[in-house]
Amino acid sequence: MINSSYKIQETSKNSKGQVESYRSQIIVNLIINNKKETILNKKFLKDFSYANKENKYELVQYQNEVKNNLINKIIEDIILFVNLQWLLNILI
């Protein structure tokens, strides 16, 4: 089972109350069960901070690019984690 969440947070504002920076964050919980018990349970978290952009279209495009990059990094981490667990089970 895989559960995931994605959020964008405002991380700083200027004296006028305008957003100056954001942080995008993705959390993925990976749970692998067999019929009797949980075999693997791991939480993966990636985040990235960046400055605001005056052009809101460019900001949304950039946020989508950041989201895709974070997803790709988490996928790499999951693949590595599962492969290492599999290898450890073979060696034990």
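Residues numbered from 1 in each chain as written. Predicted model: local features only at pLDDT ≥ 70, side-chain atom pairs only at ≥ 80, totals over all residues. Heavy atoms only, no water.

Our next topic: the nonpolar core. Proteins that are soluble and globular tend to have nonpolar side chains buried together. Counting 14 residues, the largest nonpolar core has Val 28, Phe 44, Ile 74 and Ile 78 as its most contacted members. Counting only elements with at least two residues in this core, the list comes to β2 (19-33), β3 (38-51) and α1 (56-91). Tallying contributions element by element places α1 first for this core, with 6 residues. In contact with Ile 78, other than residues within four places in its own chain, are Val 28, Leu 30 and Phe 44. (Core = buried A, V, L, I, M, F, W, Y, C linked by side-chain atoms within 4.5 Å. Buried < 20%, exposed > 50% of the residue type's maximum accessible area, 1.4 Å probe, protein only. Helix = DSSP H or I, 4+ residues; strand = E, 2+ residues; numbered from the N terminus. Contact = heavy atoms within 4.5 Å.)

The next point concerns the packing of aromatic side chains. We describe a pair of aromatic rings using the distance from one ring centre to the other and the angle between the two ring planes. Per the counting criterion, the structure on display carries 4 aromatic pairs. Centroid distance Tyr 22 to Tyr 50: 6.0 Å. Interplanar angle 25°. Geometry classified as stacked. Linking Tyr 22 in strand β2 with Tyr 50 in strand β3, this pair joins segments that are 28 residues apart in sequence. Using a relative accessible area of 11% as the deciding quantity, one classes Tyr 22 as buried. Look at Phe 44 and Phe 81: their rings are 5.8 Å apart centre to centre, the planes differ by 80°, and that puts the pair in the edge-to-face class. Of this pair, Phe 44 sits in strand β3 while Phe 81 sits in helix α1, placing them 37 residues apart in sequence. Here Phe 44 matches Phe 81 in class, with each residue buried. Connected via pairs of aromatic rings, a cluster forms that spans Tyr 22, Phe 48, Tyr 50 and Tyr 62. The ring of Phe 44 carries the charged tip of Lys 42 above its face, separated from the ring centre by 5.9 Å. (Phe/Tyr/Trp six-rings, centres within 6.5 Å; stacked < 30°, edge-to-face > 60°. Lys NZ or Arg CZ within 6 Å of the ring centre and 35° of its normal.)

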